[in-house]
Structures are given as structure tokens and as C-alpha cells.
Amino acid sequence: MRALAAALRRLAGLFVDDGALALSILAVVALAGVFAALAPSAPLLAGGVLAFGCLGVLLANALAATRR
Amino acid sequence: MSGAAEIGSVVTAVFLASSVEAVEALTIVLAVATVRGWRPAGFGALAGLAVLALVVAALGPALGLIPLRLVQGAIGVLLLLFGMRWLRKAILRASGVVAPHDEAKAFAAALGALHEQGARRIAGADWLAAVASFKAVLLEGLEVAFIVIALGAGRGLLVPASLSALAACLVVAAAGFVAYRPLARVPENALKFAVGALLSGFGLFWTGEGLGAPWPGGDWAILGFVAAFLAVGLAAIALARRADVETSR
């Protein structure tokens, strides 16, 4: 059981290093999903939210880490 | 993007990412070989590679049974998480916030642990050494397997992606075998930075495709995303360094 938990922790660690970064990325993806569902006639809007959201999250998270 | 350009971009991304992971695994395998000999080191490494081959062989084709849009969406999000994690780490290391990964130090630490096992004459020390080698190859290899499956399976490029990963591992192994010391001179952080941007670019593209958002320029948008992640990453490094200088005044 302990080995399984360790393996799962390691697996999660492949994708999550900083919880705030992971949560922010998921929030941006969810927001883009909402735009894609609510405004299917403007698909570029969802794409824009996704692209600029991810780039903004990266910049904000890296700068926040330097201030800590 | 043409077929050749698509294969080229996937093969390049897989090769570079696999090289970074292979260097980290090689450090431990070399430490085991230095202290306990090549037999346990080689046995553990080969066993790790066999398990990884099984993972790719089992999971890769299974993804073909799931609708493409769903696979692209799920893999896109995972690639975003994985790639941006690498990119963030590379930014923080390049700006001096986090200490850079030092293969020579990792090698020395592994040597110390293995020498301690030998000094205490632990029964089955060779077996423990083989397990250390196996674990290093398996854990670093899991990241390689994810990259191979994520970049290769969604587009039917599993074979070129697997061959690219294998080539990267062979090149790193050959270099390590010749040098017989950890590859400390490999610019690991620069590689991690570039690969993080590549994987994030692919992840962004596929997440959008999964959400049903068509990108201007089709597949060529991937190059634009990679360039954007590189630009934001470089800007983050410059801003972090400036903030560091202002704080130390």
C-alpha cells in the first residue's frame, strides 16, 4: 500500500511541482472551456483565453516565486 | 504543417526531452557501476528499460481506442502541466532563485550511499545496487515514456517518437560509457528550458483542439506557441534577475 502511494505520488509529481501553477493552468483551461461552450460562434475567443492565460500564468507564477 | 515537418518537430522534441532524462538516469547508473560494478548496474538498467517498453507498448495503442479529440484534450492538458513545470523550474534556476541541478553533486551523493552499503556489508548489496539502477532508469524513463506517448500516440507517430527516445538514450549512454563519469557539462537547464517551451507549445495546441478551438495557421500555430513560451520565459528570467539585483541593493 505504501509502495502504491509512493508510486502515485511520483506519478503526480510528473505534472505537479508547484500546486499554484498547476491549479492556475487548470483554471485557465476550464475558463477557455466555458468560452468554447458558451460562444461556439467565436472559437478564437476560447483559443485566445487559453493562449494568453497560460503565458500570463507562467510569467506571474515565476515572478511570484522570485519574490518569495 | 506537412507530414515531414510534423514528424521532425515531434522527433526533435522527444529527442531533446529524452536526453535530459537520460543524463539524470545515467548519473545513478554510473555511480552504481563505479561502486558495485557493471553487472548490477547493467541488470537494473535493462530491467528498468524492459518495464518502460511494456508501458509504452501497452498504453500507446490503447489510446487509439479513445476518440481523437478526447485524447488530444487530455494529453494537451497533461503536456501543459508537464511542460510548464519544466519551464518554470528552468526559469527559476536560470535566474538564480533555485540552485541549478548539479550532476557531479548527484553522482557524489549516490556514490556515498553505495559506499555506505558496502562498508556496512549489507547482505545482497549487489541486489540493492541493481535496485538503485532499476529505480533511476524506471523513474526518469517514466517521464520519457509519457513524452513519447503524449507526442507520438495522438498523431500516429508512436514509432518515430519511440525511436527518437531510444536514440537519445543510446547517445547519452554511449557518451557516459566513454567518459565513465556523469555528463556534468551538458547544458541541462538550457535544454530543459527549450524542451519545456516545446512541450508547452504542443500542449497548448492540443488543449485548444480538444476544446474545439481551431488555431489560425493550423499545425503551424505550434511554432508560434513555442516561440511565445520562449519569449515569456526569457522575459521572466530577465525580470527575476532585475528584481534580485534591486533586492540585494
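Computed from a predicted structure; not experimentally measured.

**Thoughts on the overall build of chain B**
(1) Moving on: A count of helices and strands for chain B gives 8 helices and 0 strands.
(2) Moving on: Counted from the first residue to the last, chain B has its helices and strands arranged as α-α-α-α-α-α-α-α.
(3) Moving on: Within chain B, buried positions represent 48% of all 249 residues.
(4) Moving on: For chain B, the share of sequence-separated contacts (at least 6 apart) that also reach a separation of at least 24 residues comes to 87%.

**Some details on helix α7 (residues 188-211) of chain B**
All names here are of chain B.
(1) Moving on: Across its 24 residues, α7 extends 34 Å between first and last C-alpha, which sits within 8% of the 34 Å expected from 1.5 Å per residue.
(2) Moving on: Counting buried residues along α7, 21 of its 24 residues qualify, which places the element largely inside the surrounding structure.
(3) Moving on: Gly 212 lies just past α7 and shows a positive phi near 85°.

**Structural notes on the nonpolar core**
(1) Moving on: Among the nonpolar cores identified, the biggest contains 99 residues, and Leu50(A), Cys54(A), Val14(B), Val29(B), Val32(B) and Val148(B) are the most heavily contacted of them.
(2) Moving on: For this core, the element with the highest residue contribution is helix α1 (residues 3-36) of chain B, accounting for 17 residues.

**Examining the environment of Val137(B)**
Residue and element names in this part refer to chain B.
(1) Moving on: Within the element layout of this structure, Val 137 appears in helix α5 (residues 125-152).
(2) Moving on: Here Val 137 falls in the buried class, since 28 other C-beta atoms lie within 10 Å of it.
(3) Moving on: Spatially, the C-alpha atom of Val 137 lies 17 Å from that of Leu 16, the residues being 121 residues apart in sequence.
(4) Moving on: Aside from chain neighbours lying at most four places away, what touches Val 137 is Ala 25, Val 29, Gly 44, Ala 45, Gly 48 and Leu 49.

**Describing the interface of chain B and chain A**
(1) Moving on: Each side of the interface is counted separately: chain B has 36 residues, and chain A has 28 residues.
(2) Moving on: If you list the elements that add at least two residues to the side of chain B that touches chain A, you get α3 (68-94), α5, α7 and α8 (221-248) of chain B.
(3) Moving on: In terms of residue count, α3(B) provides more of the side of chain B that touches chain A than any other element does, 12 residues in total.
(4) Moving on: In terms of residue class, the side of chain B that touches chain A is built from 27 nonpolar, 4 polar and 5 charged.

**Observations regarding the packing of helix α3 (residues 43-67) of chain A against α7(B)**
(1) Moving on: Put simply, α3(A) and α7(B) touch, their axes get as near as 10 Å, and they point 150° apart. Relative to α7(B), the element α3(A) is oriented roughly antiparallel. As for how α3(A) packs across α7(B), the hand of that crossing is right-handed. Between α3(A) and α7(B), the contacting residues are Ala46(A), Gly47(A), Leu50(A), Ala51(A) and Cys54(A) on the first element and Leu204(B), Thr207(B), Gly208(B) and Leu211(B) on the second.
(2) Moving on: Along the lines of polarity and charge, the residues of the contact of α3(A) with α7(B) split into 6 nonpolar, 3 polar and no charged.

How each quantity is defined
Residues numbered from 1 in each chain as written. Chains lettered and ligands numbered in written order. Predicted model: local features only at pLDDT ≥ 70, side-chain atom pairs only at ≥ 80, totals over all residues. Helix = DSSP H or I, 4+ residues; strand = E, 2+ residues; numbered from the N terminus. Buried ≥ 20, exposed ≤ 12 C-beta atoms within 10 Å, placed from the backbone. Contact = placed C-beta atoms within 7 Å. Expected span 1.5 Å × (residues − 1). Core = buried A, V, L, I, M, F, W, Y, C linked by C-beta atoms within 7 Å. Nonpolar A, V, L, I, M, F, W, Y, C, P; charged D, E, K, R; others polar. Axes fitted to C-alpha atoms, helices over the stretch in contact; angles between N-to-C directions. Parallel < 35°, antiparallel > 145°, perpendicular 65-115°, else oblique. Left-handed = near helix turned anticlockwise from the far one by under 90°.

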